[in-house]
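If you want the building blocks of each chain, they are given just below.
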Amino acid sequence: MLVLGIETSCDETGLAVYDSERGLVAHTLYSQVKLHAEYGGVVPELASRDHVRKILPMLNKVLEEAGVNKSQLEGIAYTAGPGLMGALMVGGAMGTALGFALDIPVIGVHHMEGHLLAPMLEDKPPAFPFVALLVSGGHTQLVSVTGIGEYELLGESVDDAAGEAFDKTAKLLDLDYPGGPVLAAMADRGQIDRFSFPRPMTDRPGLDFSFSGLKTFTRNLIEKNRGDDVLPDDQTILDICAGFQEAVVDTLVIKCTRAVRQAKMKTLVIAGGVSANTRLRHKLEVALGKEGVEVFYARHEFCTDNGAMIAYAGCQRLLAGQKNPLLISATPRWPLDQLTSLVQENV
Ligand code: KG4
Ligand code: ZN
């Protein structure tokens with residue numbers, strides 16, 4: 001089945017063509033980072049308008065790169081949530097209109113299911129069942145996954161998501177936008193143990209996370225270590241980045257270890273923007289390797305938002321016979337464990 005995937009939930013326009021026989025055929029991505037940089041965060045209305053500007057030229061581009069004519073498409077998958085309402089509406093409107101015009105099925109995909117399944121696009125995909133750590137700008141969740149749509153929430157952040165904590169801490173340190181990856185790059189040049197950051201909620205049982213305290217800890221460190229300027233010296237900033245990143249990574253590693261033990265699973269999948277973090281990947285592989293657990297993740301460009309993961313997830317659901325009515329579906333808040341399993345839909 002040849003499926004077009006459309007991602008417009010936040011500040012990236014992503015389109016992809018996925019074939020259930022041949023795998024990923026083509027994908028294209030446009031990031032609005034420059035547009036939002038001067039505001040230090042995503043401005044929803046600007047995001048929607050920019051998706052409108054980019055989506056049609058990008059549709060033509062991805063079809064051309066795939067060597068595919070619109071009439072050859074057999075299904076459309078678009079991100080239906082969670083995300084920004086206006087931004088979701090753009091992908092939903094184009095997907096639904098195309099489906100209507102071509103008389104092919106259309107499916108609204110859960111953005112986090114897209115992330116969760118992104119490692120399936122790699123040469124060596126993980127096999128079910130597994131524990132998934134979803135770490136993005138909006139979510140930090142540990143999920144037990146027994147099949148597509150079979151998700152049981154094991155734990156989640158009670159306040160900031162891991163990516164959000166990276167972004168907010170980067171803002172406190174006056175780093176360039178978008179802060180998360182910039183902070184991560186600076187952390188590699190800092191001293192990990194100069195400041196002893198806490199590992200929040202690791203000293204009690206359970207699989208929930210809390211990251212907002214690390215931000216406060218950083219704010220206090222800045223206050224204590226600043227010189228004549230409003231910010232500490234360059235080396236101190238690098239050391240704060242390193243200490244902060246290590247605290248987030250260690251906390252995630254401790255909870256992942258606990259989760260795979262509790263679920264008695266031998267596979268861990270990490271997905272979402274923060275799964276691009278090389279320190280996290282490394283420390284997880286070392287710690288979970290000792291438990292006999294293998295760690296899987298997507299290539300860098302498919303950790304953050306993209307159309308390929310939506311095309312893949314949508315294709316699996318379309319193949320199982322699921323589809324949306326020809327109404328634009330946009331659900332800004334949508335719990336992952338409300339999704340239906342493929343098996344149930346098929347009977
Ligand atoms: O999955 P994603 O692209 O968008 C959401 O669905 O939220 O994730 C974006 C998040 C941002 O918070 C960004 O700072 C974070 O992922 N991120 C990183 C890295 N690359 C992206 N955080 C830490 N280290 C990175 N290398
Ligand atoms: Zn995302």
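Refer to the structure presented above.
These remarks concern the structure in this document. For clarity, every value in this text was computed on a predicted model and none was experimentally measured.

1. Focus: the site of ligand 1
Taken together, 18 residues are adjacent to ligand 1, and H115, G137, D167, G273 and N277 come closest. The separation between an oxygen atom of ligand 1 and a polar main-chain atom of G273 is 3.0 Å. Between ligand 1 and N277 there is a distance of 3.0 Å, counted from a nitrogen atom to a side-chain nitrogen or oxygen. With the chains in place, 85% of the 560 Å² that ligand 1 exposes on its own is no longer accessible.

2. Some points on the coordination of the zinc ion (ligand 2)
Distances from the zinc ion (ligand 2) to its protein donors, namely H111 (NE2), H115 (NE2) and D305 (OD), fall within the range 2.0 to 2.1 Å. Between the donor residues of the zinc ion (ligand 2), the gaps in sequence give the motif H-x3-H-x189-D. Of this pair, H111 and H115 are both found in helix α4 (residues 111–117), four residues apart, which corresponds to roughly one turn of the helix. For H115, a relative accessible area of 1% gives the class buried.

3. Overview of the nonpolar core
Judged by nonpolar contacts, the single largest core of 61 residues is most densely connected at L4, L15, L116 and Y151. Sequence-distant contacts of L4, that is, excluding residues within four places in its chain, are made with L15, A16, V17, L59, V62, L73, G75, I76, A77, L98 and A311. If you look at the next biggest cluster of nonpolar residues, it comprises 46 residues, including V135, A247, I270 and L288.

4. A closer look at the environment of E156
Here E156 lies in strand β8 (residues 150–156). Looking at E156, the relative accessible area reads 31%, which means it is partly exposed. Not counting residues within four places of it along the chain, the set of residues in contact with E156 comprises T140, Q141, L207, D208 and F209.

5. Thoughts on the sheet that holds strand β4 (residues 75–81)
Ordered in space as β3-β2-β1-β4-β5, the five strands form an open sheet in which the pairing is mixed. If you trace the sheet from one side to the other, it starts and ends with β3 (23–31) and β5 (106–110), each paired once. Put simply, the sheet's adjacent strands are angled 20° from each other on average, direction ignored. Examined bridge by bridge, strand β1 (residues 2–7) and β4 share four bridges and lie parallel to one another. By the bridge assignment, V3 is partnered in β4 with G75. Strand contacts of helix α3 (residues 85–102): β1, β2 (12–19), β4 and β5, with the helix running at about 155° to β4, the strand carrying the most contacts.

6. Brief notes about helix α6 (residues 179–187)
G179, G180, L183, A184, M186 and A187 are the residues of α6 that are buried. Down the axis of α6, the sector holding all buried residues measures 165°, keeping them to one side. On its buried face, α6 sits against α5 (162–172) and α8 (234–263).

7. Considering the pairing of β3
Where β2 lies against β3, eight bridges are found, and the strand directions are antiparallel. What sits directly across from D19, in β3, is G23.

8. Let's talk about the layout of surface pockets
Computed from the structure, the second largest pocket encloses a volume of approximately 210 Å³. As for the second largest pocket, its lining consists of 14 residues, and the residues nearest its centre are R317, Q322, W334, L339 and T340. Among the elements that take part in the lining of the second largest pocket, β5 stands out by supplying four residues, more than any other.

9. Things to note about helix α9 (residues 278–289)
Relative to the 16 Å expected for 12 residues at 1.5 Å per residue, α9 spans 16 Å between its end C-alpha atoms, a close match to the ideal helical length. Along α9, the residues classified as buried are L280, R281, L284 and L288. Viewed end-on, α9 has its buried residues packed into an arc of 100°, placing them on one side of the element. Taken together, the buried residues of α9 touch α8, β9 (267–271) and β10 (294–297). Among the residues of α9, the N-terminal cap falls to N277, whose side-chain oxygen and the backbone nitrogen of R279 are separated by 3.1 Å.

10. Points about the pattern of salt bridges
Counted under the stated rule, the structure contains 18 salt bridges. Note that E122 and R299 form a salt bridge whose closest N and O atoms lie 3.0 Å from each other. Pair noted here: E122 is in the loop between α4 and β6 (130–135) and R299 is in the loop between β10 and α10 (307–319), with a separation of 177 residues, a long-range link. Note on R299: relative accessible area 32%, which makes it partly exposed.

Calculation rules
- All residue numbers here refer to positions counted from 1 along the written sequence of the relevant chain.
- Chains and ligands are labelled by the order in which they are written, letters from A for the one and numbers from 1 for the other.
- Residues qualify for local features only when their pLDDT is at least 70, as the model is predicted, and side-chain atom pairs are given and counted only at 80 or more; totals for whole chains, interfaces and linings, by contrast, use all residues.
- For side-chain calculations, the full set of non-hydrogen atoms in the structure is used, while hydrogens and water are omitted.
- If even one non-hydrogen atom of a residue comes within 4 Å of a molecule or strand, that residue is called near it.
- Whenever a nitrogen or oxygen atom comes within 3.5 Å of another N or O atom, the pair is scored as a polar contact, on the condition that within protein one atom can donate a hydrogen and the other can accept it, and that pairs from neighbouring residues in sequence are kept only if both atoms are in side chains.
- Here the accessible surface of atoms and residues is derived via Shrake-Rupley with a 1.4 Å probe, and residues count as covered only by protein chains that are part of the display.
- Atoms are scored as donors when they are N, O or S and lie within 2.8 Å of the metal, with 3.2 Å used for Na, K and Ca; no water is included, so coordination may look incomplete.
- A run of DSSP states H or I qualifies as a helix once it reaches four residues; a run of E qualifies as a strand once it reaches two. Both are numbered from the N-terminal end.
- Accessible area is worked out with a 1.4 Å probe on protein chains only. A residue is then buried under 20% of its type maximum, exposed over 50%, and partly exposed in between.
- Throughout this description, the term nonpolar core refers to a set of buried Ala, Val, Leu, Ile, Met, Phe, Trp, Tyr and Cys residues connected via side-chain atoms within 4.5 Å.
- Contact criterion: two residues are considered in contact whenever any of their non-hydrogen atoms come within 4.5 Å of each other.
- Pairing between two strands is assigned when DSSP locates at least 2 bridges connecting them.
- Simply put, an axis is a line fit to the C-alpha atoms, just over the touching stretch for a helix, and the angle between two N-to-C directions goes from 0 to 180 degrees.
- This arc corresponds to the set of directions leading from the helix axis out to the C-beta atoms.
- Method remark: on a 1 Å grid restricted to protein atoms, a set of points is classed as a cavity if a 1.4 Å probe fits but cannot get out and as a pocket if it is open with protein on both sides within 12 Å along at least five of seven lines; lining residues have an atom within 4 Å of a point.
- Grid points are joined across faces, edges and corners, and a volume is the space filled by probe spheres set on the points.
- For a helix, the expected span equals 1.5 Å multiplied by the number of residues minus one.
- Any carboxyl oxygen of Asp or Glu that lies within 4 Å of a side-chain nitrogen of Lys or Arg is treated as forming a salt bridge with it.

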